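Here is how the chains run, residue by residue.
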Amino acid sequence: MSKHEVQCLWDLGAQLGEGPLWVAEEQRLYFVDLKSKTLHAFDTETGQRHAWEMPDYVCWLIARADGDGFMAGLRHGIARVWLEPELRIEYIAHPFAPGSDLRLNDAKVDSAGRIWAGSMHNTDYAQAVGALFLLDKDLSLTVADAGYHICNGPTFSRDGTTMFHTDSFEGRIYAYPLAADATLGEPRVWRQFAEGEGSPDGMTVDSEGCVWVAQWGGGRVCRYSPDGDLLETIRVPVRNPASCTFGSPDFKTLFITTASEDNTPEQLKEFPLTGGLFAVRVDVAGIPAARFG
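These numbers come from a predicted model, not from an experiment.

(A) Molecular detail of the overall build of the protein. Tallying secondary structure elements over the protein gives one helix and 24 strands in all. Viewed in the frame of its principal axes, the protein has a C-alpha envelope of about 45 × 45 × 40 Å. Entry remark: accessible area of the protein is about 11700 Å², with carbon and sulfur atoms responsible for 48%. Here the protein contributes 25 positive and 41 negative side-chain charges, whose respective centroids are spaced 2 Å apart.

Here you go:
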């Protein structure tokens, strides 16, 4: 794969491909098809594909620092998950009551090993009822901020002092000062996206501190400077890139998940690889994802 040549690794037609996670010791890329209730994995050395059917929406997967399984966000709760030798799920927190119209959406770990997880209304995105939760290493769960429509991201600056967090409905990424004790400062608008750019969705940071953003409806993933200036655009042959992360031994492969939802039959015909898992080689390496704990 040459640099900047976007390659489809797996044409699986995901309804809502999200949450890519690279696990270096396995040379494996995990990701979810959120609304299809399926966790997937792709082994980059062998091309082998794996899938685990989950009991409900699976919104994200995060590796644990102790290597003992994973943390996962399901529709209404956060759980410990073991995939092998067989799937096992133990819930540790329920932010929403079963049957609630609210659900979890996206999450990442900061440099201190804490999980920041967003939520949203499952169907009515105009309702600003989403919250940003903090799951600390002692498993305590608190609300860090509220009033979001569609929480996406987050990601963190290289020095850990800034959290970038998205409200996709508003087309806006916020930058929060982040203290060592997890206190959030007053947010500022880091970048407001114009209508033709697509809506900011999942994102990650590279080794130079630049932010890569998947742009739903925009058919692209873009690299921005720490100040929010556009530096690079990578076109993806789908309408809805949903998230991205770095992997491979040198961390110069950007993996991109995409979604088939929110496409007309005509658009699906125009973009036949919609919902696929993609990869592209880039010039600047990413950094390993932080782990919980």
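(B) Examining the layout of surface pockets more closely. As a volume, the largest pocket reaches approximately 470 Å³. As for the largest pocket, its lining consists of 28 residues, of which Val-109, Phe-156, Pro-288, Ala-289 and Ala-290 are closest to the centre. At the level of secondary structure, the elements contributing two or more residues to the lining of the largest pocket comprise strand E2 (17-23), strand E6 (58-63), strand E10 (102-109), strand E14 (151-156), strand E18 (199-205) and strand E22 (241-247). Ranked by the residues each element gives to the lining of the largest pocket, the list is headed by E10, at four residues. Its residues assigned to classes, the lining of the largest pocket comprises 16 nonpolar, seven polar and five charged. By volume, the second largest pocket is sized at about 280 Å³. Forming the walls of the second largest pocket are 16 residues, and the residues nearest its centre are Tyr-125, Ile-150, Asp-201, Trp-216 and Glu-261. Of the residues that constitute the lining of the second largest pocket, the class distribution is six nonpolar, four polar and six charged.

(C) Looking closely at the side chain of Asp-33. With respect to the helices and strands, the residue Asp-33 is situated in strand E3 (residues 28-33). Put simply, Asp-33 is tucked away with no salt bridge, and the nearest opposite charge, on Lys-35, sits 9.2 Å away. A polar contact is formed between the side chain of Asp-33 and the backbone nitrogen of Gln-15, at a distance of 3.1 Å. Once you skip the residues sitting within four places of it in the chain, Asp-33 turns out to touch Ala-14, Gln-15, Leu-16, Gly-17, Thr-38, His-40 and Val-58.

(D) Structural context of the sheet that holds strand E21 (residues 230-235). With antiparallel pairing, four strands are arranged side by side in an open sheet as E18-E19-E20-E21. The sheet is open, and its two edges are formed by E18 and E21, each paired on a single side. Within the sheet, the average angular offset between the axes of one strand and its neighbour, ignoring direction, is 25 degrees. Strand direction decides the pairing type here: strand E20 (residues 220-224) and E21, joined by five bridges, are antiparallel. Opposite Arg-223, over in E21, you have Glu-232 as the bridge partner.

(E) Quick peek at the packing of aromatic side chains. The full count for this structure, using the stated rule, is eleven aromatic pairs. Considering the side-chain rings of Trp-10 and Phe-31, the 5.8 Å spacing of their centres and the 85 degrees angle between planes classify their relative orientation as edge-to-face. Of this pair, Trp-10 sits in strand E1 (residues 7-10) while Phe-31 sits in strand E3, and the two are 21 residues apart along the sequence. Trp-10 gets classed as buried once you look at its relative accessible area, which sits at 10%. One aromatic cluster is present, formed by Phe-164, Trp-190, Phe-193 and Tyr-224 through successive ring pairs.

(F) View of the pairing of E6. Within E6, six of the six residues are buried, which leaves it mostly tucked inside the rest of the structure. Alignment of E6 against strand E7 (residues 70-74), held across five bridges, turns out to be antiparallel. Paired with Trp-60 across the strands is Gly-73, a residue of E7. Linking E6 to E7, which pair antiparallel, is a turn of six residues; within it Gly-67 sits at a positive phi near 75 degrees.

What counts and how
- Residues numbered from 1 in each chain as written.
- Predicted model: local features only at pLDDT ≥ 70, side-chain atom pairs only at ≥ 80, totals over all residues.
- Heavy atoms only, no water.
- Helix = DSSP H or I, 4+ residues; strand = E, 2+ residues; numbered from the N terminus.
- Areas by Shrake-Rupley, 256 points an atom, 1.4 Å probe, with all protein chains shown as cover.
- Lys, Arg positive; Asp, Glu negative; His and termini not counted.
- Charge placed at Lys NZ, Arg CZ, Asp CG, Glu CD.
- 1 Å grid on protein atoms, 1.4 Å probe; cavity = no way out; pocket = protein on both sides within 12 Å on 5 of 7 lines; lining within 4 Å.
- Points joined across faces, edges and corners; volume = space filled by probe spheres on them.
- Nonpolar A, V, L, I, M, F, W, Y, C, P; charged D, E, K, R; others polar.
- Buried < 20%, exposed > 50% of the residue type's maximum accessible area, 1.4 Å probe, protein only.
- Salt bridge = Lys/Arg side-chain N within 4 Å of Asp/Glu carboxyl O.
- Polar contact = N/O pair within 3.5 Å; in protein donor to acceptor, adjacent residues only side chain to side chain.
- Contact = heavy atoms within 4.5 Å.
- Pairing = 2+ DSSP bridges.
- Axes fitted to C-alpha atoms, helices over the stretch in contact; angles between N-to-C directions.
- Phe/Tyr/Trp six-rings, centres within 6.5 Å; stacked < 30°, edge-to-face > 60°.

This is a description of form; function is not addressed.
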